[in-house]
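Here is what each chain is made of, one letter per residue.
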Amino acid sequence: MNENLDFEMEIFQNEVMLEFKGILKPQQLSAVRERLFSSVEGTNKIYFVVLERVKFRDKNYLGMFLELLNFVKGKDSELVIIFHNETNREFFSPFYHIFKIYDSKDSYRKDSDFWKKLKATGITYNKSTGIRLAPGIALVFLFLLAGWLLTLFSIISSQDKDIRQREEILRDLQNNYTRSVHALEELKSSIAPLKSMGFDIDTTENPVGVVSDWNEFLKEKEKEGK
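Residues numbered from 1 in each chain as written. Predicted model: local features only at pLDDT ≥ 70, side-chain atom pairs only at ≥ 80, totals over all residues. Heavy atoms only, no water.

Asker: Got a sec to walk through the overall build of the chain? Specific residues and values, please.
Answerer: On a plain count of helices and strands, the chain comes out with six helices and seven strands. Counting from the amino terminus, the chain carries its helices and strands in the arrangement β-β-α-β-α-β-α-β-α-β-β-α-α. Counting across all 226 residues of the chain, residues that qualify as buried make up 26%. The long-range fraction of contacts in the chain, counting pairs at least 24 apart against all pairs at least 6 apart in sequence, stands at 57%. (Helix = DSSP H or I, 4+ residues; strand = E, 2+ residues; numbered from the N terminus. Buried < 20%, exposed > 50% of the residue type's maximum accessible area, 1.4 Å probe, protein only. Contact = heavy atoms within 4.5 Å.)

In structure tokens form, the structure reads like this:
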């Protein structure tokens with residue numbers, strides 16, 4: 001790292017690039033501050049401060065950049081800080097969500113173009129406030145959300161009704177099975193005396209429950225003998 005501090009400034013229409021190279025020492029704070037603030041002129045501009053080849057030796061520079069950010073915003077302009085090394089990332093970490101920090105100007109432009117397209121549809125984003133929707137867009141999203149919820153409730157209601165119907169059918173089957181078992185047991189108990197008397201009885205000839213006791217069975221046999 002170069003011990004000497006170098007400064008370059010380039011202007012492209014509404015863009016201003018300010019690049020520092022070297023070590024930012026405590027005794028240089030006032031000079032750096034003067035150089036940065038004096039470079040902010042006019043309104044509706046983008047100020048790129050390139051710090052990729054800079055090493056900070058004083059945390060007071062962080063407060064200076066916060067002042068610069070407010071000063072630039074007062075000019076209806078943007079402050080974009082450019083670097084991608086981990087040392088500077090740690091230096092700006094306490095206020096990383098406040099600054100616009102990018103790896104390069106190209107990455108900023110890609111991100112900016114994306115949010116500009118969203119803004120054209122009524123969606124805006126800010127690191128401090130998050131995503132905001134225009135009233136019209138918010139209303140559309142509200143209707144979409146309401147429609148989605150109604151559809152979800154309708155599906156749940158339909159599934160619940162189907163489940164209840166299946167449970168009712170299952171209960172009926174279980175009740176029919178219980179009644180059939182009970183009727184079979186009664187039939188077996190009613191024909192037991194007949195079997196003991198030597199009658200050959202096939203219970204498969206008649207449905208379960210047709211003959212309820214042995215008296216009825218004898219009457220049926222009498223009809224068959226006539």
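So that's the structure; there's more coming.
Asker: Go over the pairing of strand S2 (residues 15-24) with me, naming the residues and quoting the values.
Answerer: In terms of residue burial, S2 counts as a mostly covered element, since ten of its ten residues are buried. Bridge analysis of strand S1 (residues 6-12) against S2 gives seven bridges, and the strand direction is antiparallel. Its bridge partner lying in S2, Phe 7 is registered against Phe 20. Linking S1 to S2, which pair antiparallel, is a turn of two residues; within it Gln 13 sits at a positive phi near 50 degrees. (Pairing = 2+ DSSP bridges.)

Asker: Lay out the nonpolar core in plain terms, naming residues and giving numbers.
Answerer: With 28 residues, the main nonpolar core has Leu 36, Leu 51, Phe 56, Phe 65, Ile 81 and Phe 92 as its most contacted residues. When residues of this core are traced back to their parent elements, those giving at least two are S2, helix H1 (29-38), strand S3 (46-56), helix H2 (60-74), strand S4 (78-82) and helix H3 (86-92). (Core = buried A, V, L, I, M, F, W, Y, C linked by side-chain atoms within 4.5 Å.)

Asker: Now, about the packing of H1 against H2: what can you tell me, with residues and values included?
Answerer: Across the interface, H1 lies against H2 with an axial gap of 11 Å and an inter-helix angle of 15 degrees. What the angle tells us is that H1 and H2 run roughly parallel. In this structure, H1 crosses over H2, and the sense of that crossing is right-handed. Across from Leu 29, Val 32, Arg 33, Leu 36 and Phe 37 in H1, the residues of H2 making contact are Asn 60, Tyr 61, Met 64, Phe 65, Glu 67, Leu 68 and Phe 71. (Axes fitted to C-alpha atoms, helices over the stretch in contact; angles between N-to-C directions. Parallel < 35°, antiparallel > 145°, perpendicular 65-115°, else oblique. Left-handed = near helix turned anticlockwise from the far one by under 90°.)

Asker: Give a detailed account of the packing of aromatic side chains, specifying residues and quantitative values.
Answerer: Scanning the entire structure with this criterion turns up twelve aromatic pairs. Aromatic side chains Phe 83 and Phe 92 sit 5.6 Å apart centroid to centroid with 25 degrees between the ring planes, which places their arrangement in the stacked category. Of the two residues, Phe 83 and Phe 92, neither departs from the other in class, the shared state being buried. Ring geometry for Tyr 102 versus Tyr 108: centroids 5.3 Å apart, planes at 75 degrees, classification edge-to-face. (Phe/Tyr/Trp six-rings, centres within 6.5 Å; stacked < 30°, edge-to-face > 60°.)

Asker: Could you give an account of unusual backbone geometry, with specific residues and numbers?
Answerer: A positive phi angle, near 55 degrees, is found at Asn 44, a position not held by glycine. Asn 44 gets classed as exposed once you look at its relative accessible area, which sits at 55%.

Asker: Got a sec to walk through the sheet that holds strand S5 (residues 100-102)? Specific residues and values, please.
Answerer: In spatial order, the strands read S1-S2-S3-S4-S5; together these five strands make up an open sheet with mixed pairing. Only two strands of the sheet have a single neighbouring strand rather than two, namely S1 and S5. Pairwise comparison of adjacent strand axes, ignoring direction, gives a mean angle of 20 degrees for this sheet. Where H1 meets the sheet, its contacts fall on S1, S2 and S3, and the angle it forms with S2 comes to roughly 170 degrees. Set on the sheet, H2 makes contact with S2, S3 and S4; between it and S4 the angle comes to about 145 degrees.

Asker: Could you give an account of the pairing of S3, naming the residues involved and the relevant values?
Answerer: Most of S3 is tucked away, with eight of its eleven residues classed as buried. Examined bridge by bridge, S2 and S3 share nine bridges and lie parallel to one another. Pairing of Gly 22 across the sheet is with Val 54, part of S3. Once the chain exits S2 it traverses H1 before rejoining the sheet at S3, and the crossover so formed is right-handed. Note: S3 against S4, five bridges, orientation parallel. Looking at the pairing, Val 50 lines up with Ile 82 of S4. Taken together, S3, H2 and S4 form a β-α-β motif whose crossover is right-handed. (Right-handed = clockwise from strand over helix to strand, strands pointing away.)

Asker: Explain the environment of Gln 13 to me, and be specific about the residues and the numbers.
Answerer: Along the chain, the position of Gln 13 falls in the loop between S1 and S2. The exposure class of Gln 13 is exposed, given its relative accessible area of 76%. Expressed as a C-alpha distance, the spacing of Gln 13 and Ile 46, which sit 33 residues apart in the sequence, is 9.7 Å.

Nothing here speaks to function; it is geometry throughout.
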